[in-house]
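# Architecture and fold: a report
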Amino acid sequence: MQHILYHNSSGRDAFTGNLKVKEVHRAMTLHPVKRHKYMYRIHNYMRGLKIHDLQQDMLNKHRDIYAMLRLLGGNLTSMEKVELSHNSPLFANGVGEEDYLGDPYLLGKEPGLLKPPLELIPWNFVSRSIYSPGNLNPRKKLESHIKEGLDDVIREVMENLNTFSRERGRMIDFQELLYGYYRENPLHGADYILDLLLVYKKYRGRKMTVPVRKHAYVQQQFTGLEIREMVEDLASTELRPPSTSAEETAAVNSDDVIYDTMARNQGRRSKRQKKTVINFIMGE
C-alpha cells in the first residue's frame, strides 16, 4: 500500500528533483504536493509518459500489420498502397499530410540487432567509463545525457520484467549495470546490449532472495520526426544595450592602463584614441 499511495517525507523538497524513479512510476497517488509549480511539473511529466505509451502502442500496431501482410503474401515495400476494400486504403494519409502515421515498412519490422543495412557500425563499450572508437580520446567519463539514456532504458526493462510480478509472487530489483554496449543505427534506432546485476525476491511459497545476472538486448526504435516552430513576439520584447559587468570594466580599465603607458612612451596619447580602444573591447 505504501508503494501505491506514495508519501515523500522530504517536506518542501518533495518531488522537486528527478521524477524518473520507480517510486513515482509505481504509485497511483503522490503526496505531498503543496506548490502549483510542482503540480504542473508532475502533470506535464505524466502526460509525457502517456504520450510515450501511445507511441509504443502505435509502433506495435505497425508491427502487427507488417506481420499479417507478410503472412498473406502482400508486397511489403508498398504497404502504403494496401487497400482494405475498394477505395478504402489501409493508410488514409500519405507523406507530408497532417495525420501521417509514419513509414509502415520501417516501423513495422520486428526489433532486432541484425536489421539491414548490415554495414559495420561500431559499438561503444560502457562500464565506469566509455570506450569509443569514434573520439580522439577513446576513454572518457560517462556523460550526463548518456547516463540518463541508459537509466531510461534500464527502467523500461525492469518495468517489463515486473509486469506480472504480482501474479507470479516475485519481484526483481535492479542493482547495478556491470557493463554494456551501445550504438546508433541512423535508420532504425539505438541498440543496447546490457549486462545487469539484479536481485530476485520471491515472497510467495518458498521465500528466497538471490542475486542474478541478465543480458538484455534492447533496440529503441526511431519513429516520426516532429517539429514545433516557436515564434517570438519581437514587438513586445524590449531591446536594451548590454550592461558592462565587473569583469568587462576591469578589462577596460586594465587595457586603458596598458594603452596609456604605451601612448605616454610614444608621446601620442589622446582622448579620441582611448575611446576607440574601449569600443573595440566592448565589441568583443
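Residues numbered from 1 in each chain as written. Predicted model: local features only at pLDDT ≥ 70, side-chain atom pairs only at ≥ 80, totals over all residues. Heavy atoms only, no water.

The name recorded for the protein in an unreviewed UniProt entry is Hexosyltransferase, from Diaphorina citri. Per UniProt, the protein carries the Sequence similarities (unreviewed entry) text "Belongs to the chondroitin N-acetylgalactosaminyltransferase family." (UniProt positions renumbered as here; feature names shortened; annotations may be inferred.)

## Observations regarding the pairing of strand β8 (residues 170-185)
The pairing of strand β5 (residues 124-126) with β8 spans 3 bridges and is antiparallel. Residue pairing in the sheet places V126 in a bridge with G180 of β8. Here β8 runs beside strand β9 (residues 189-202); their pairing, made up of 14 bridges, is antiparallel. The residue bridging E184 from the neighbouring strand is A190, located in β9. Where β8 folds back on β9, the antiparallel hairpin that results is connected by 3 residues. (Pairing = 2+ DSSP bridges. Helix = DSSP H or I, 4+ residues; strand = E, 2+ residues; numbered from the N terminus.)

## Describing the packing of aromatic side chains
Summed over all chains, the structure comprises 5 aromatic pairs. Between the aromatic rings of Y66 and Y105, the centroid separation amounts to 6.3 Å while the plane-to-plane angle is 55°, which identifies the pairing as tilted. Highlighted residues: Y66 in helix α2 (residues 36-72) and Y105 in helix α3 (residues 104-107), separated in sequence by 39 residues. Measuring from centroid to centroid gives 6.2 Å for Y179 and Y181, while their planes differ by 85°, and the two rings are edge-to-face. A residue is classified by how much of its surface remains accessible, and Y181, at 31% relative accessible area, is partly exposed. Ring-pair connections join several aromatic residues into one group, and the members of that group are F125, Y131, Y179 and Y181. (Phe/Tyr/Trp six-rings, centres within 6.5 Å; stacked < 30°, edge-to-face > 60°. Buried < 20%, exposed > 50% of the residue type's maximum accessible area, 1.4 Å probe, protein only.)

## Side note on the nonpolar core
By size, the foremost hydrophobic cluster in this structure holds 19 residues, and its most contacted members are L150, V157, Y192, L194 and L196. Of all elements in the fold, only α4 (144-161), β8, β9 and β10 (208-221) reach the threshold of two or more residues within this core. For this core, the element with the most residues is α4, which contributes 7 residues. Every residue in contact with L194, bar those within four places of it in the chain, is listed here: L150, V153, I154, L177, Y179, G180, K214, H215 and A216. Formed by 8 residues, the second largest nonpolar core is a distinct cluster that contains A14, L19, V24 and I42. (Core = buried A, V, L, I, M, F, W, Y, C linked by side-chain atoms within 4.5 Å. Contact = heavy atoms within 4.5 Å.)

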